[in-house]
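Observations on the model geometry
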Amino acid sequence: QLQLVESGGGLVQPGGSLRLSCAASGFTVDRYDIGWFRQAPGKELEGVSCISSNDGTYYADFVKGRFTISRDNAKNTVYLQMNSLKPEDTAVYYCAADRFPPAVPTLQISEYDYWGQGTQVTVSS
């Protein structure tokens, strides 16, 4: 059974950093595209970043230069390194797997068919 488990969230001050982890089981993370998404209170779910099976990466404009997605195949885990965090980054962060990805990595939510439970990130002083 495919499963994704996020961890690494927490409370951090503005300008701080966090690294989120997305541990997979039931499949290898280098086989599918893996995306990170977030949902802030009262807002819709939005795409943050994704990494394809051939190591292509894609970032939403609002995180470019601040967040970095990576994959450790030996640990079967995808990471999201988040630097220079802002209060508006406060959200529940989810990772998801796209088993049948398009040729170009996408953050289209409907593409992703397996989701984790999420981890809370709060950026506040």
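Described in the following lines is the structure provided in the data block. (Residues numbered from 1 in each chain as written. Predicted model: local features only at pLDDT ≥ 70, side-chain atom pairs only at ≥ 80, totals over all residues. Heavy atoms only, no water.)

1. Overview of the pattern of salt bridges
Scanning the model with the defined rule gives six salt bridges in all. Among the salt bridges present, the one from Lys 64 reaches Asp 61, with a minimum N-O distance of 3.1 Å. Linked through salt bridges whose partners overlap, the residues forming this network are Arg 38, Glu 46, Arg 66 and Asp 89. (Salt bridge = Lys/Arg side-chain N within 4 Å of Asp/Glu carboxyl O.)

2. As for the environment of Gly 8
You can see Gly 8 is positioned in the loop between strand S1 (3-7) and strand S2 (10-12). The partly exposed category is assigned to Gly 8, whose relative accessible area is 34%. Once the C-alpha coordinates of Gly 8 and Thr 119 are considered, the two residues, 111 residues apart in sequence, prove to be 7.2 Å apart. Leaving out residues up to four positions away in the same chain, Gly 8 has contacts with Leu 18, Arg 19, Leu 20 and Thr 119. (Helix = DSSP H or I, 4+ residues; strand = E, 2+ residues; numbered from the N terminus. Buried < 20%, exposed > 50% of the residue type's maximum accessible area, 1.4 Å probe, protein only. Contact = heavy atoms within 4.5 Å.)

3. Some words on the state of the cysteines
Following the criterion strictly, the structure yields one disulfide and no others. Between the sulfur atoms of Cys 22 and its disulfide partner Cys 95 the distance amounts to 2.1 Å. The disulfide joining Cys 22 to Cys 95 has a torsion of about 75° about its S-S bond and is therefore right-handed. Linking Cys 22 in strand S3 (residues 18-25) with Cys 95 in strand S9 (residues 91-98), this pair joins segments that are 73 residues apart in sequence. (Disulfide = S-S within 2.5 Å.)

4. Re unusual backbone geometry
Most peptide bonds take the trans configuration, and most residues that are not glycine carry a negative phi. Phi angles above zero are rare outside glycine, and Asn 76 is one such case at about 55°. Inspection of the secondary structure assignment puts Asn 76 in the loop between strand S7 (67-72) and strand S8 (77-82). A positive phi angle, near 50°, is found at Ser 84, a position not held by glycine. Looking at the secondary structure, you find Ser 84 in the loop between S8 and S9. Note on Ser 84: relative accessible area 41%, which makes it partly exposed.

5. Let's talk about the sheet that holds S1
Taken in spatial order, the four strands make up an open sheet running S1-S3-S8-S7, and their pairing is antiparallel. The two strands at the open ends of the sheet, each matched to only one other strand, are S1 and S7. Each strand of the sheet is rotated relative to its neighbour by a mean of 15°, with strand direction disregarded. (Pairing = 2+ DSSP bridges. Axes fitted to C-alpha atoms, helices over the stretch in contact; angles between N-to-C directions.)

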